[in-house]
Amino acid sequence: MRHFDYVRETEPSAAALAASADGARFIAGGTNLLDLMKLQVETPETLVDISRLPLKDIEPQDDGGLRIGALVANSDLAAHPAVRRDYPVLSRALLAGASGQLRNKATTGGNLLQRTRCGYFYETSAACNKRQPGSGCDAMQGFNRIMAILGTSDHCIAAHPSDMAVAMRALDAEVETLDAQGGTRRIPLQAFHRQPGDTPHIETTLEPGELITGVILPPPPAGRHAYRKVRDRASYAFALVSVAAIVAVEDGRIACARLAFGGIGTVPWRSRAVEEALAGERPERAVFVKAADILLRDAVGHGDNDFKIDLARRTLVAVLEDTTGGTPA
Ligand code: SF4
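Parameters at a glance
- Residues numbered from 1 in each chain as written.
- Predicted model: local features only at pLDDT ≥ 70, side-chain atom pairs only at ≥ 80, totals over all residues.
- Heavy atoms only, no water.
- Helix = DSSP H or I, 4+ residues; strand = E, 2+ residues; numbered from the N terminus.
- Expected span 1.5 Å × (residues − 1).
- Buried < 20%, exposed > 50% of the residue type's maximum accessible area, 1.4 Å probe, protein only.
- Contact = heavy atoms within 4.5 Å.
- Polar contact = N/O pair within 3.5 Å; in protein donor to acceptor, adjacent residues only side chain to side chain.
- Pairing = 2+ DSSP bridges.

The chain has the name FAD-binding molybdopterin dehydrogenase in an unreviewed UniProt entry, where Aureimonas altamirensis is given as its organism.

Draft legend 1. How the structure looks around helix α11 (residues 285-296). Between the first and last C-alpha of α11 there are 16 Å, a value that for 12 residues agrees with the 16 Å anticipated at 1.5 Å per step. Among the residues making up α11, those that are buried are V287, F288, A291, A292, I294, L295 and L296. Next to the buried residues of α11 lie β11 (253-262), β12 (269-270), α10 (272-278) and α12 (307-324).

Draft legend 2. Quick look at the side chain of T323. Along the polypeptide, T323 turns up in helix α12. Polar side-chain contacts of T323 include one of 2.9 Å to the backbone oxygen of V319. Polar contacts involving the side chain of T323 include one to the main-chain carbonyl oxygen of L320, which spans 3.4 Å. With residues near it in sequence (within four places) discarded, T323 still touches R224, A226, A245 and V247.

Draft legend 3. Just helix α5 (residues 88-95), in detail. Counting buried positions along α5 yields six of eight residues, so the element is predominantly enclosed. Taken together, the buried positions of α5 are occupied by P88, V89, L90, S91, A93 and L94.

Draft legend 4. Structural view of the pairing of strand β5 (residues 66-69). Across the two faces of β5 the burial is the same, with L66 and I68 and R67 and G69 all buried. Where strand β4 (residues 58-60) meets β5, three bridges bridge the pair, whose relative direction is antiparallel. In the sheet register, E59 faces β5, and the bridge partner there is R67. Counted between consecutive antiparallel strands, the loop separating β4 from β5 contains five residues, among which G64 sits at a positive phi close to 95°.

And the structure:
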């Protein structure tokens, strides 16, 4: 373990200021960062402990939405009555993630910032552009079974690991932040995570010291909610493919479909083209297959993860059949 400084802040503005210094990192639950520090993948000079900040409330909004404090534990968020009643896709996604112990410790803000589980990222003797920019990517020609098939680049093919963020992407969540100068902003989730491009080490659009203070959910959308996660074990495993779906059927046709995907993208993935292809159509297998083709038309496998293309297709079709009551034809 390398030497580092530790400060505990009790005011959000003081925390943002402290974390704007070179080499400083926030820590809350620590369920990802501490592992990375033990492996010396991350070597912060200062840890700014934000676990005591007053950001642990879940509050209804005037417009019917919900504000989730950044330090709400994943287990508390999954169990909250308003989340279970109005945003079941989010509750199910949270419960599909990690283990009970980790969900008790992991926070809403930290979940959005968790880093990839690419094995080469965690192995400091491997080439990894995300850990050491410009060093290469051993996953390209290596064992890449868990890697992404959408949004990849020549520099990185790592999949985003979060379940919670996939559901929030389907819900059009916004991330609320506070910067070191006291400014606040709301970042739509689709603009929060960055695809790797040629800078895979820059994973979000947050500025140095910018603190996540909460997540805003719009009023609950109409429709049936589902979160299906396909993985190697029944629990405590990251998604090979996951689908968050909110689908409304009216008069025998799909009125609205919101679909987001985990395990296949370098960021929590959503495709408006897929949703547009479903809107107004009858809930039939041929329609679902066409939507899956649209989702996967730009998918690229790297050998070990080629299977994800067909797995994603079959998972999406199955979820659409479940949420629409569509009959296989
Ligand atoms: Fe690193 Fe990304 Fe390549 Fe994995 S896929 S080794 S995280 S650059």
